[in-house]
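Here is how the chains run, residue by residue.
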Amino acid sequence: MTGDAPVLETHALTKRYPSVTALDDLTLQVHAGITGVVGVNGAGKSTLIKVLLGLLPATSGRVHVLGMDPAVQARDIRALVGYMPEHDCLPADVSAADFVLHMATMSGLPRQASRERASDVLRHVGLDEERHRAMGGYSTGMKQRAKLAQALVHDPTLVFLDEPTSGLDPRARDDMLDLIARVHADFGISVVVTSHLLGELERTADRIVVLDSGRLLRASTTSDLTQSTGTVVVEVLGAGDGDRILGQALLDRGITAWPAGDDVEVRIERPEDLDAIRDVAVELDLGLVRLQERRHTLDEVFLPPPSSPAVASAPGGVAP
Ligand SMILES: Nc1ncnc2c1ncn2[C@@H]1O[C@H](COP(=O)(O)OP(=O)(O)O)[C@@H](O)[C@H]1O
Ligand SMILES: [Mg+2]
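Description of the structure in this document.

What counts and what doesn't
Residues numbered from 1 in each chain as written. Chains lettered and ligands numbered in written order. Predicted model: local features only at pLDDT ≥ 70, side-chain atom pairs only at ≥ 80, totals over all residues. Heavy atoms only, no water. 1 Å grid on protein atoms, 1.4 Å probe; cavity = no way out; pocket = protein on both sides within 12 Å on 5 of 7 lines; lining within 4 Å. Points joined across faces, edges and corners; volume = space filled by probe spheres on them. Helix = DSSP H or I, 4+ residues; strand = E, 2+ residues; numbered from the N terminus. Nonpolar A, V, L, I, M, F, W, Y, C, P; charged D, E, K, R; others polar. Buried < 20%, exposed > 50% of the residue type's maximum accessible area, 1.4 Å probe, protein only. Polar contact = N/O pair within 3.5 Å; in protein donor to acceptor, adjacent residues only side chain to side chain. Donors = N, O, S within 2.8 Å, 3.2 Å for Na, K, Ca; no water. Salt bridge = Lys/Arg side-chain N within 4 Å of Asp/Glu carboxyl O. Contact = heavy atoms within 4.5 Å. Near = heavy atom within 4 Å. Areas by Shrake-Rupley, 256 points an atom, 1.4 Å probe, with all protein chains shown as cover. Expected span 1.5 Å × (residues − 1).

Structural notes on empty space enclosed by the protein
Then step 1. All chains considered together, the criterion is met by one cavity of 30 Å³ or more.
Then step 2. Of all elements in the fold, only β2 (20–30) and α1 (45–52) reach the threshold of two or more residues within the lining of the largest cavity.
Then step 3. In terms of residue class, the lining of the largest cavity is made up of eight nonpolar, no polar and no charged.

Quick notes on the side chain of T222
Then step 1. Structurally, T222 is set in helix α7 (residues 222–225).
Then step 2. The exposure class of T222 is buried, given its relative accessible area of 5%.
Then step 3. From its side chain, T222 meets the backbone oxygen of A205 in a polar contact 2.6 Å long.
Then step 4. Among the polar contacts listed, one links the side chain of T222 to the backbone nitrogen of R207, at a separation of 3.5 Å.

Topic: the coordination of the magnesium ion (ligand 2)
Then step 1. Taken together, S46 (OG) and E86 (OE) make up the protein donors of the magnesium ion (ligand 2), found 2.0 to 2.4 Å from the metal. With S46 in helix α1 and E86 in the loop between β5 (81–84) and α3 (96–106), this pair connects stretches of sequence that are 40 residues apart.
Then step 2. Given the relative accessible area of 17%, S46 is considered buried.

Some thoughts on the pattern of salt bridges
Then step 1. All told, the structure shown has 16 salt bridges when counted by the stated rule.
Then step 2. A salt bridge links R117 to D155; the nearest nitrogen and oxygen atoms lie 3.7 Å apart. Of this pair, R117 sits in helix α4 (residues 111–124) while D155 sits in the loop between α5 (140–152) and β6 (158–161); the two residues are 38 residues apart in sequence, bridging distant segments of the chain.
Then step 3. Two residues, D186 and R182, come together in a salt bridge whose shortest N-O distance is 3.3 Å. You can see D186 and its partner R182 sitting in helix α6 (residues 170–187), four residues apart, about one turn around the helix.

Things to note about the side chain of S95
Then step 1. On the secondary structure map, S95 appears in the loop between β5 and α3.
Then step 2. The buried category is assigned to S95, whose relative accessible area is 9%.
Then step 3. Not counting the four nearest positions on each side in its chain, S95 is found in contact with R131, H132, R133, A134 and M135.

Observations concerning the site of ligand 1
Then step 1. Taken together, Y17, V20, A22, V40, N41, G42, A43, G44, K45, S46 and T47 make up the full set of residues near ligand 1.
Then step 2. The backbone of G42 places a nitrogen or oxygen atom 2.7 Å from an oxygen atom of ligand 1.
Then step 3. Summarising the interface, the protein chains cover 62% of the accessible area of ligand 1, which totals 560 Å² for the free molecule.
Then step 4. Listed by contribution, the elements that provide at least two residues to the shell around ligand 1 are β2 and α1.
Then step 5. Of all the elements, α1 adds the most residues to the shell around ligand 1, at three residues.
Then step 6. Of the residues in the shell around ligand 1, the class split is five nonpolar, five polar and one charged.

As for α5
Then step 1. For α5, spanning 13 residues, the distance from its first C-alpha to its last is 19 Å, which sits close to the expected 18 Å at 1.5 Å a residue.
Then step 2. With 11 of its 13 residues buried, α5 lies for the most part within the structure.
Then step 3. Residues of α5 that are buried: G141, M142, Q144, R145, A146, K147, L148, A149, Q150, A151 and L152.
Then step 4. In the core, the buried residues of α5 are packed alongside β5, α3, α4, β6 and α6.

Here it is as structure tokens:
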């Protein structure tokens, strides 16, 4: 495969179950890197992954994964592709160490290489002491880590992670998202990761594909989706009144600013406005901690606007 060939592509892919069309004329390309596939429950995310792996036949359309057709080369694809299924697939009475070693051996690695690789991936996912305990006693977070480890153990080129943060509390979810970013950064593995939470993958994924009722709603780079809002967030040193004083000084210069928590948000209409923020901070002896472009979040892009115009997005607060 050449450098910028897509890692997978579908053309007019349709998958019908007896009573529902789960994928509907879906044409899409995914390139190396981290791609988020987002959509509400029932949008077709898991069905897409199963068709890509050759676990389910397509009803019509064409599919290629790493240049291969899952309808005829499913085994070759699975040798190069890891899969973390959505639902629990772990034997309760086996330890993660034994399970992951078993999966490594099954993939055809020699015994010693399997041991090394299993121990590497278990370390990578942060299962240390616990790896020798039976997985039936694991927390959801530990189970998700064991599922991720088994998806990585044969050193795949590409992994499909189906809702890896499902059931996790916010802290465990952030840890899992960090791990996923490192799967790509440390191992060079391309990642396709699904979520029913639209905003969840914006920090992790380079590109986002949005599915809706089996159809492609959007496919774009994350940065194109989360376009600049034309405002910057300014944080000044200390817990005192610095944010309010800065906001007022900017207003005095005719620059629109409003409070946002302990920060100040500033509308940038001219490049000089950015310099003005720095000048004002120096004049008032306020240490600048952060000056950051505020981008739209994916939630803002996809969720319907609030029904009442009174609570629409116009900045309020100290703006004139
Ligand atoms: N094995 C199945 N048999 C029949 N219908 C299914 C099956 N699996 C999924 N579906 C239906 O297909 C649609 C897409 O499901 P799925 O791919 O699981 O979506 P997601 O993973 O985005 O939640 C849903 O309407 C779901 O009810
Ligand atoms: Mg699913």
